[in-house]
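So the chains spell out like this:
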Amino acid sequence: MGAFFPADSEAPASNYALLNSRNGHPTLEYDAAAEWATNFTGVLPRNYGGGGLTVTVHWMGASATSGDVKWGGSIERDNANNHDLDADAYATEQTATGTANGTSGKVTSTAITFTDGANVDSLAAGDPFRLKLARKAADGADTMTGNAQLIAITVVET
Amino acid sequence: MAVLSSADRAAGCAKYMRDLCAARETIGPALKADLQAAFNALDAFMDANAAAVNNAIPLPARTVLTVPQKARLLEAVIFQRYISGA
């Protein structure tokens, strides 16, 4: 379906993940204490068959080699004559938790699943959309110290 | 001065984590709750021993320096002892 990278990020007005780099790899830094988020705009390919989407977050611990990060993803369908884009209209957030790799610098891949229909804001093949990705830093399940560094997001049909 | 409020302790620990990330330091197997507990314990220790720290400063510095200036002096000593050249 597609992929997003740090350079594709669209920062919201406040509490946004920060662009950085690690050994030349662009990263988006998600804080450990405050909930930061960022948005990505895409178009759902015309071969989408209604099977729902799996959004996989590829990330590293900036300083930690243990602990969990809870990710929250939400989708906004931006098709013609639908939402007024002057206000956000994301569907219900879906979450998944991943564990930091025991070796600093190694990547963890955490999959967030979205069933077709309401979960993806009724997104259909060929529709523009936004994906909002947040680290649920205030959630008790989010235990990892320090920033979570996102290097890529992949979106595939489930 | 009493111990920090829960909000201030959380803010202080959050800053500590951000500083570690900025320095690209690796943290061993400790979770956010572990670091917060450590921060809280040191805050409590400082509260319990503030008078002793103050009395360790000889005159005239003890009376000439403001409280924030004494705090920065303590920070400078800790930095030189444990961080500089580490």
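Refer to the structure printed above.
Residues numbered from 1 in each chain as written. Chains lettered and ligands numbered in written order. Predicted model: local features only at pLDDT ≥ 70, side-chain atom pairs only at ≥ 80, totals over all residues. Heavy atoms only, no water.

(A) Representation of the side chain of Thr 108 of chain A. Residue and element names in this part refer to chain A. Looking at the secondary structure, you find Thr 108 in strand E8 (residues 108-114). Separated by 2.9 Å, the side chain of Thr 108 and the backbone oxygen of Thr 99 make a polar contact. With near-sequence residues (within four places) excluded, Thr 108 lies in contact with Val 57, His 58, Trp 59, Thr 99, Ala 100 and Asn 101. (Helix = DSSP H or I, 4+ residues; strand = E, 2+ residues; numbered from the N terminus. Polar contact = N/O pair within 3.5 Å; in protein donor to acceptor, adjacent residues only side chain to side chain. Contact = heavy atoms within 4.5 Å.)

(B) Structural context of the nonpolar core. Residues Tyr 30, Leu 53, Trp 59, Trp 71, Ile 75, Leu 133 and Ile 153 of chain A are the most contacted members of the largest nonpolar core, which totals 30 residues. When contributions to this core are tallied by element, the ones reaching two or more residues are strand E3 (25-30), strand E5 (53-61), strand E6 (68-77), E8, strand E9 (128-135) and strand E10 (148-157) of chain A. Each residue touching Ile 153 of chain A, except ones within four places of it in the same chain, is listed here: Gly 2, Ala 3, Phe 4, Phe 40, Val 55, Thr 56, His 58, Leu 131 and Leu 133 of chain A. Leu 20, Ile 27, Ala 30 and Leu 35 of chain B belong to the second largest nonpolar core, which has 7 residues in total. (Core = buried A, V, L, I, M, F, W, Y, C linked by side-chain atoms within 4.5 Å. Buried < 20%, exposed > 50% of the residue type's maximum accessible area, 1.4 Å probe, protein only.)

(C) Main features of the interface of chain A and chain B. Counting residues at the interface gives 24 residues for chain A and 14 residues for chain B. Where chain A abuts chain B, roughly 1,300 Å² becomes buried across the two surfaces, and 52% of that area is made up of carbon and sulfur atoms. When residues of chain A are sorted by the area they lose upon contact with chain B, Ser 63, Ser 66 and Thr 145 of chain A head the list and together hold 37% of the total. Our count for the contact surface shared by chain A and chain B stands at 2 salt bridges. Taken together, the links from chain A to chain B amount to 8 residue pairs in polar contact (both at pLDDT 80 or more). Broken down by element, the side of chain A that touches chain B gets its largest block of residues, 3 residues, from strand E2 (residues 18-22) of chain A. Grouping the constituent residues of the side of chain A that touches chain B by class yields 7 nonpolar, 12 polar and 5 charged. (Buried area = accessible area lost by both parts, 1.4 Å probe. Salt bridge = Lys/Arg side-chain N within 4 Å of Asp/Glu carboxyl O. Nonpolar A, V, L, I, M, F, W, Y, C, P; charged D, E, K, R; others polar.)

(D) Molecular detail of the pattern of salt bridges. Residue and element names in this part refer to chain A. Evaluation of the coordinates by the stated rule reveals 11 salt bridges over all chains. Among the salt bridges present, the one from Asp 142 reaches Arg 135, with a minimum N-O distance of 2.9 Å. For the pair formed by Asp 142 and Arg 135, the shared burial category is buried. Residues joined in a network through salt bridges with shared partners are Glu 35, Glu 93 and Lys 136.

(E) The arrangement of the packing of aromatic side chains in detail. Residue and element names in this part refer to chain A. What the rule picks out here adds up to 4 aromatic pairs over all chains. Between Tyr 30 and Trp 71, the ring centres sit 5.0 Å apart and the planes meet at 85 degrees, which makes this aromatic pair edge-to-face. Within this pair, whereas Tyr 30 is found in strand E3, its partner Trp 71 is found in strand E6, the two being separated by 41 residues in sequence. Neither Tyr 30 nor Trp 71 differs from the other in exposure class; each is buried. A network of ring pairs unites the aromatic residues Phe 4, Phe 40 and Phe 129 as a single cluster. (Phe/Tyr/Trp six-rings, centres within 6.5 Å; stacked < 30°, edge-to-face > 60°.)

(F) Representation of a nonpolar patch on the surface. Residues and elements named next belong to chain B. The grouping of Leu 42, Phe 45, Met 46, Val 53, Leu 74, Ile 78, Phe 79, Tyr 82 and Ile 83 at the surface amounts to a nonpolar patch, some 820 Å² of accessible area in total. Listed by contribution, the elements that provide at least two residues to the nonpolar patch are helix H2 (32-56) and helix H4 (67-83). When residues of the nonpolar patch are assigned to their parent elements, the largest contribution, 5 residues, is made by H4. Here Val 53 shows up in helix H2. (Patch = residues over 30% accessible without salt bridge, like charges linked within 9 Å, V, L, I, M, F, W, Y side chains within 5 Å. Areas by Shrake-Rupley, 256 points an atom, 1.4 Å probe, with all protein chains shown as cover.)

(G) The arrangement of unusual backbone geometry in detail. Here Leu 59 of chain B and Pro 60 of chain B are connected by a cis peptide whose omega angle stands at 5 degrees. The phi angle at Asn 15 of chain A is positive, at roughly 50 degrees, despite the residue not being glycine. Checked against the element boundaries, Asn 15 of chain A lands in the loop between strand E1 (2-4) and E2. Residue Asn 15 of chain A is classed as partly exposed on the basis of its relative accessible area of 47%. The backbone phi angle of Asn 23 of chain A is positive, close to 50 degrees, even though this residue is not glycine. On the secondary structure map, Asn 23 of chain A appears in the loop between E2 and E3.

(H) Representation of helix H1 (residues 6-22) of chain B. All names here are of chain B. Taking 1.5 Å per residue, 17 residues should reach 24 Å; H1 reaches 24 Å between its end C-alpha atoms and fits that length. Buried within H1 are the following residues: Arg 9, Cys 13, Ala 14, Met 17, Leu 20 and Cys 21. Down the axis of H1, the smallest arc covering the buried residues is 135 degrees, so these residues share one side. More than 90 degrees from the buried face of H1, the exposed residues found are Ala 7 and Ala 22. Where H1 is buried, its residues contact H2. At the C-terminal side of H1, Arg 24 shows a positive phi close to 55 degrees. (Expected span 1.5 Å × (residues − 1). Arc of directions from axis to C-beta.)

Just geometry here; none of it tells us what the structure is for.
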